[in-house]
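# Reading the structure
Each chain, letter by letter, is given below.
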Amino acid sequence: VPLRLVCEAGVPKQIWMQQRGPQFRALGREWRSHLAEALGIDERMIHRGLPLGAASTGLWSVFVPLLDGIILDGLEPDLAAVERLSAELEVGSVYAYAPMGVNRFAARDFAPLLGIPEDPVTGSSAGALMALLAAQGRVQGVVEADGDGVVVAAIHPVVAQPAQVGVPQRRRRAIWRRRVQTR
């Protein structure tokens, strides 16, 4: 994966990553209850207006939309169940996300199948989520002018510093992403 590191005063501030074109897989309704149970929530806390599905720009993830950031923040997943579901669905992680405003989402990524209980900032899953949302018409226009229309996903800071992942929206071209550490 091509990477470009941007430093300020010798301190890394951004990482740009080029990803492959997105791939998508639909999930049947029966997976809603299994995913909710693994995440430790009631199935009614899953957002019905945002996509529940699998996507990949290099690593497959299952994307579970939640109603809001409070639910996301309170998740106490059963990591053994998440690992089992990841294996059954042939994905690397379960990526729970919630809307935080127009074209902004908070997210938490659970990847126990890969030996990572929770990844505090995962660029590969954020890129695939934005591709899934764009493919279903769930992101709107240009949010932050950065030359090429950036959609920003706020990532839940569990282990590391709070961070954001921005995903430039481009059609028919590789997706680039930027990771910005905030302090």
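Refer to the structure printed above.
Here we summarise the structure given alongside this text. On a predicted model such as this, the values are computed, not experimentally measured, just so you know. (Residues numbered from 1 in each chain as written. Predicted model: local features only at pLDDT ≥ 70, side-chain atom pairs only at ≥ 80, totals over all residues. Heavy atoms only, no water.)

Okay, the packing of helix α1 (residues 30–39) against helix α3 (residues 79–89) next. Between α1 and α3, the least distance of the axes is 8 Å, while the angle of their chain directions is 150 degrees. Crossing of α1 against α3: the hand is left-handed. From α1, Trp31, His34, Leu35 and Ala38 reach across to α3, where they touch Ala81, Val82, Leu85, Glu88 and Leu89. (Axes fitted to C-alpha atoms, helices over the stretch in contact; angles between N-to-C directions. Helix = DSSP H or I, 4+ residues; strand = E, 2+ residues; numbered from the N terminus. Left-handed = near helix turned anticlockwise from the far one by under 90°. Contact = heavy atoms within 4.5 Å.)

Below, the discussion takes up the packing of aromatic side chains. Aromatic ring pairs are described here by two measures, namely the spacing of the ring centres and the angle between the planes. Taken as a whole and judged by the stated rule, the model has two aromatic pairs. With a centroid separation of 5.3 Å and an interplanar angle of 70 degrees, the aromatic rings of Phe63 and Tyr95 are classed as edge-to-face. Taken together, the residues span a long stretch of sequence, with Phe63 in strand β5 (residues 61–65) and Tyr95 in strand β6 (residues 93–101) at a distance of 32 residues. For the residue pair Phe63 and Tyr95, the accessibility class agrees, reading buried in each case. Where Tyr97 meets Phe105, the ring centres are 5.8 Å apart and the plane angle is 70 degrees; that geometry is what we call edge-to-face. Here Tyr97 matches Phe105 in class, with each residue buried. Between Arg25 and the ring centre of Trp60, over which it is positioned, the NZ or CZ distance is 4.2 Å. (Phe/Tyr/Trp six-rings, centres within 6.5 Å; stacked < 30°, edge-to-face > 60°. Buried < 20%, exposed > 50% of the residue type's maximum accessible area, 1.4 Å probe, protein only. Lys NZ or Arg CZ within 6 Å of the ring centre and 35° of its normal.)

The next point concerns the environment of Tyr97. By the element assignment, Tyr97 lies in strand β6. Spatially, the C-alpha atom of Tyr97 lies 6.2 Å from that of Val64, the residues being 33 residues apart in sequence. Not counting residues up to four positions away in its chain, the partners in contact with Tyr97 are Leu50, Pro51, Phe63, Val64, Pro65, Leu66, Leu72, Phe105, Ala106, Ala107, Leu129 and Leu133.

Here we come to α1. Buried within α1 are the following residues: Trp31, Arg32, Leu35, Ala36, Ala38 and Leu39. All buried residues of α1 fall inside an arc of 160 degrees around its axis, so they share one side. Each element contacted by the buried residues of α1 is listed here: β5, α3, β6 and β7 (104–111). Positive backbone phi, at 80 degrees, marks Gly40, one or two positions downstream of α1. (Arc of directions from axis to C-beta.)

Working definition: two side chains of opposite charge can pair if their charged atoms are close together. Enumeration according to the criterion identifies four salt bridges in this entry. Between Arg44 and Asp42 there is a salt bridge; the shortest N-O distance is 2.9 Å. Residue Arg44 is classed as exposed on the basis of its relative accessible area of 66%. When its relative accessible area of 32% is taken as the criterion, Asp42 is described as partly exposed. Here Arg108 ties to Glu118 by a salt bridge, and the two come within 2.7 Å at their closest N and O atoms. One end of the pair, Arg108, is in strand β7; the other, Glu118, is in strand β8 (residues 116–119), and 10 residues separate them in sequence. Glu118 shares its class with Arg108; the two are buried. (Salt bridge = Lys/Arg side-chain N within 4 Å of Asp/Glu carboxyl O.)

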